[in-house]
Every structure is written in structure tokens, then in C-alpha cells.
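Residue strings, one per chain:
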Amino acid sequence: MPLNDTLARVEADLAAGRVPVARQRLRGLVSSYPHDPAPRRRLAEVYRLYGDPAEAGRWMYLEEDRDAAETAAFEARYRTTGQRMRALAWRGPESLARTPFAREHLAAVRTACSEAMGRPVDWDTVPSAREEEDRRSPFVNCLAGGGCLLAVLAFLSIWVNGLIALFD
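What you see is a predicted model, and the numbers here were worked out from it, not measured in a lab.

1. Section: helix α2 (residues 19-32)
No. 1: With 14 residues, α2 extends 20 Å from end C-alpha to end C-alpha; this agrees with the ideal 20 Å at 1.5 Å per step.
No. 2: Buried within α2 we find V19, A22, L26, L29 and V30. The buried residues of α2 occupy one face: seen down the axis, they fall within an arc of 100°.
No. 3: Summarising the contacts, the buried residues of α2 are in contact with α1 (3-15), α3 (37-50) and α4 (53-60).

In C-alpha cells:
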């Protein structure tokens, strides 16, 4: 369905009080038209109806007239650059953005994510949450492995103790 027809349905849904339906339609539009600011802006307005500043900030992140408090709430909810890249739901190069402001912010998020991951990242190969977790410090990985080893040793000692008690 064309963008304008779906936006008209969104308006009808909102007028009828069907806010969740309108929100779902808008999420679909953002997915289908990631470079068009109109569905993003309208989705931010819907999240304001819900009283969710982080999601409003998410969908207004690429707009120059965005609200600073909403942007801060978005950045607090999506702490890492990988989370922000996934949350922005952008596809393709930054050059497809319609404003220089949006291009700058998309490039800044992508560059920061590339630095955090230690390899080039683009909008079509956004790192998964699993890839981000794998970038933890070696000390944290060592602690996690040590904890698993300790749990296995505790289980085995209880099992052996039970086996010995069985034959006594």
C-alpha cells in the first residue's frame, strides 16, 4: 500500500482512538520507507501519546527540531552504539537521508559503532546484540568462564558425594 494511503489510515485510526493499530501501521511504514522522515515523525507523535519519551526520541533522532529530553531518554535506553543502530532502523548509506543533520548523525552513530566493534560497520550489517556481548573485556569473559567451571565442579562434587553415600 502506498505511503500516503497508509498515512491516511493512520490518521483515521487515531481519530477513532485505535492508537495501537496506528502505531503498528507506522512501524510498518518506517520499515518499508526507512529514509522517509514523515512516518518517523508521526510515530514519535504517537509515542508521545503513550508518554514514552525514549521512543519519541528514537523516532525523532534524525530530526533537527528534536526535543533534547527525548533524545537523552533514547540514548539512556539504548546505551551502546550497536543498540542505537538497531533502534534507528535505518537501511542503506547515510547519503539517502534527506537532510544534512540526519546524514551527520547517522554517520556519527555508525562511526562510533565501528570503533566500538573494532571493524567497519554499515547500516546493512548492523552488529547483533550477541556480537556486542562478544566484545566484552577479557577479564569479564574470564570471570564468566571461571564461574561456569566452579558450577560444574560443585555439581560433580555433589554427584560424587551422592554416589559414595549410595554404596556405604
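2. A few points about the pattern of salt bridges
No. 1: One pass over the structure, following the stated rule, counts 12 salt bridges.
No. 2: Between R110 and E94 there is a salt bridge whose closest N-O contact spans 2.5 Å. Taken as a pair, R110 in helix α7 (residues 100-117) and E94 in the loop between α6 (81-88) and α7 lie far apart in primary sequence, 16 residues in all.
No. 3: Since its relative accessible area comes to 22%, R110 is described here as partly exposed.
No. 4: On the basis of relative accessibility, which here comes to 14%, the residue E94 falls in the buried class.

3. Focus on a nonpolar patch on the surface
No. 1: A surface patch of nonpolar side chains, about 1,200 Å² in accessible area, is lined by L149, V152, L153, F155, L156, W159, V160, L163, I164, L166 and F167.
No. 2: Relative to the assigned elements, L149 resides in helix α9 (residues 138-167).
No. 3: Residue classification places L149 among the exposed positions, given a relative accessible area of 53%.

4. Considering the environment of L150
No. 1: You can see L150 is positioned in helix α9.
No. 2: Note: C-alpha distance between L150 and R130 (20 residues apart in sequence) is 24 Å.

5. Side note on α7
Owing to its 3.6 residues per turn, the α-helix brings residues three or four apart onto one side.
No. 1: Compared with the 26 Å implied by 1.5 Å per residue over 18 residues, the 26 Å span of α7 between its first and last C-alpha is a close match.
No. 2: All buried positions along α7 are accounted for by F101, A102, H105, L106, V109, C113, S114 and M117.
No. 3: Taken from the residues just after α7, G118 is the one with a positive phi, measuring 75°.

6. Let's talk about unusual backbone geometry
No. 1: Its identity as a non-glycine residue notwithstanding, A89 has a phi of 55°, on the positive side.
No. 2: Of the residues examined, A89 reaches a relative accessible area of 26% and is grouped as partly exposed.

7. Considering the side chain of T71
No. 1: As for its position among the elements, T71 is in helix α5 (residues 68-77).
No. 2: Accessibility expressed as a relative area gives 7% for T71, which makes it buried.
No. 3: Beyond its immediate stretch of four places on either side in the chain, T71 contacts G57, Y61 and R66.

Thresholds applied
Residues numbered from 1 in each chain as written. Predicted model: local features only at pLDDT ≥ 70, side-chain atom pairs only at ≥ 80, totals over all residues. Heavy atoms only, no water. Helix = DSSP H or I, 4+ residues; strand = E, 2+ residues; numbered from the N terminus. Expected span 1.5 Å × (residues − 1). Buried < 20%, exposed > 50% of the residue type's maximum accessible area, 1.4 Å probe, protein only. Arc of directions from axis to C-beta. Contact = heavy atoms within 4.5 Å. Salt bridge = Lys/Arg side-chain N within 4 Å of Asp/Glu carboxyl O. Patch = residues over 30% accessible without salt bridge, like charges linked within 9 Å, V, L, I, M, F, W, Y side chains within 5 Å. Areas by Shrake-Rupley, 256 points an atom, 1.4 Å probe, with all protein chains shown as cover.

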